[in-house]
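# Descriptive analysis of the structure
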Amino acid sequence: MSAVSDRLPTFPWDKLAPYKATAAAHPGGIVDLSVGTPVDPVPELVQKALIAAADSPGYPTVWGTPELRDAITGWLERRLGAREVTHRHVLPIVGSKELVAWLPTQLGLGPGDRVAYPRLAYPTYEVGARLAHAEYEVYGDPTELDPTGLKLLWLNSPSNPTGQVLSQAELTRIVAWAREHGVLLFSDECYLELGWEADPVSVLHPEVNGGSYDGIVAVHSLSKRSNLAGYRAAFLAGDPAVLAPLLEIRKHGGMMTPAPTQAAVVAALGDDTHVREQRERYAARRALLREALLSHGFRIEHSEASLYLWATRDESCWATVAHLAELGVLVAPGDFYGEAGEKFVRVALTATDERVRAAAERLK
């Protein structure tokens, strides 16, 4: 086992433990804004769908039920503006993190193959490359990368951690570049329905991809938009020539979304009301925290979408983490997401209204 674990970086969240202890000792209790895990209830219609499917004694299929694939294709067309999406264009996955971590391995990448991802990024992109023994590198503009040996290009818009959104023009340019050089492009779009000061666009939109899904796949999750992180519900959409081999591999590996979760996803994707209500909750929390951070001397960069505020006091991120921990507020240090984040912290909107108000009062 050490041969596998030795490929991995130190698990970053372990470093936060002493600061969490400090914040927890605050007389008013901890306000944990570090991990972006949903805290609001699972929508009632989704819970009912899960319960109704609880009697599921047989094995589910990796490709999902026809009803699930219908729900995904319908949502892609209704919400993202995708066109001519069939069942061959979609593939359910067991939460998006599983896919990110194991995609390079499932694609057959290895030594000499290169994986690239944004210079500020979700750490699991690097983990996936390491598990496959592939090389990895970060970029500012992906079209400036050397395409030689570049087998997988990750985009992430809206970004975790910064909340930055790539414009339609930028996405169009990057898709064209990747196709010109034969580079497989995966776009992590898990926060796409959480745009605040920008309207995020998918690589599946015909004005981005020219009406073709060749060489592109989008990753979507219901964890944030529907509070389903505990359900492990996500899916891929895009090039059938990429998804078909992944489906076969995942069949052999038994990577099946549980049947009750599949039924819950059908209900969630068919209802836009709960998404709008959840957006309103996050918008209110965002406004309160943003004002409080600014009044406390922070500068906020990007953050035009997603569930985070990317904030700085122009000091070491760990000094900021320590300062806020003394106020009972726990945030994530920016260097968890790359060296470029060494003077930033990521502040999550995923706390209850009461806890967010407590944080705002302490900051002011």
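What counts and how
- Residues numbered from 1 in each chain as written.
- Predicted model: local features only at pLDDT ≥ 70, side-chain atom pairs only at ≥ 80, totals over all residues.
- Heavy atoms only, no water.
- Helix = DSSP H or I, 4+ residues; strand = E, 2+ residues; numbered from the N terminus.
- Contact = heavy atoms within 4.5 Å.
- Phe/Tyr/Trp six-rings, centres within 6.5 Å; stacked < 30°, edge-to-face > 60°.
- Buried < 20%, exposed > 50% of the residue type's maximum accessible area, 1.4 Å probe, protein only.
- Axes fitted to C-alpha atoms, helices over the stretch in contact; angles between N-to-C directions.
- Left-handed = near helix turned anticlockwise from the far one by under 90°.
- Nonpolar A, V, L, I, M, F, W, Y, C, P; charged D, E, K, R; others polar.
- Pairing = 2+ DSSP bridges.

The next thing to look at is the environment of Ala-311. Along the polypeptide, Ala-311 turns up in strand S10 (residues 308–312). In sequence terms Ala-311 and Pro-27 are 284 residues apart; their C-alpha atoms lie 25 Å from each other. Once residues lying within four places of it in the same chain are set aside, the contact partners of Ala-311 are Leu-293, Phe-298, Arg-299, Ile-300, Lys-343, Phe-344 and Val-345.

Let us look at the packing of aromatic side chains. One pass over the full model with this rule turns up 11 aromatic pairs. The interplanar angle of 65° and the centroid separation of 5.6 Å between the aromatic rings of Trp-154 and Phe-186 together place this pair among those described as edge-to-face. You can see Trp-154 sitting in strand S5 (residues 150–156) and its partner Phe-186 sitting in strand S6 (residues 184–188), a full 32 residues away along the chain. Classification of Trp-154 as buried rests on a relative accessible area of 0%. One aromatic cluster is present, formed by Trp-13, Tyr-19, Trp-318, Phe-336 and Tyr-337 through successive ring pairs.

Quick look at the packing of helix H5 (residues 96–106) against helix H6 (residues 124–131) now. Put simply, H5 and H6 touch, their axes get as near as 6 Å, and they point 35° apart. As H5 packs across H6, the resulting crossing turns out to be right-handed. Of the residues in H6, those in contact with Lys-97, Val-100, Ala-101, Trp-102, Pro-104 and Thr-105 of H5 are Thr-124, Tyr-125, Gly-128, Ala-129 and Leu-131. Its residues assigned to classes, the contact of H5 with H6 comprises seven nonpolar, three polar and one charged.

The next point concerns the sheet that holds strand S8 (residues 234–238). The seven strands lie next to each other as S2-S8-S7-S6-S5-S3-S4, forming an open sheet whose pairing is mixed. Each end of this open sheet is capped by a strand with a single partner; those strands are strand S2 (90–93) and strand S4 (135–139). Ignoring which end each strand starts from, the neighbouring axes of this sheet average 20° apart. Across three bridges, the pairing between strand S3 (residues 114–118) and S5 is parallel. Each bridged residue has a counterpart across the sheet, and for Ala-116 the counterpart in S5 is Leu-153. Here helix H7 (residues 168–180) sits on the sheet in contact with S5, S6 and strand S7 (216–221), set at roughly 170° to S5.

Turning to the environment of Thr-73, a few remarks are in order. With respect to the element layout, Thr-73 can be found in helix H4 (residues 66–80). For Thr-73, a relative accessible area of 9% gives the class buried. Setting aside residues no more than four positions away along its own chain, Thr-73 makes contact with Val-85, Thr-86, His-87 and Val-90.

This part is about the environment of Leu-45. Summarising the element assignment, Leu-45 is placed in helix H3 (residues 44–52). For the pair Leu-45 and Ala-268, spaced 223 residues apart in the sequence, the C-alpha separation amounts to 7.7 Å. In this view, Leu-45 contacts Ala-267, Asp-271 and His-274; residues no more than four positions away in its chain are not counted.

Okay, H6 next. Helical periodicity: at 3.6 residues per turn, an α-helix aligns residues three or four positions apart in one direction. Of all the eight residues making up H6, six are buried; the element is thus mostly covered by neighbouring parts of the structure. Along H6, the residues classified as buried are Thr-124, Tyr-125, Val-127, Gly-128, Ala-129 and Leu-131. In the segment just after H6, His-133 is the residue with positive phi, at about 65°.

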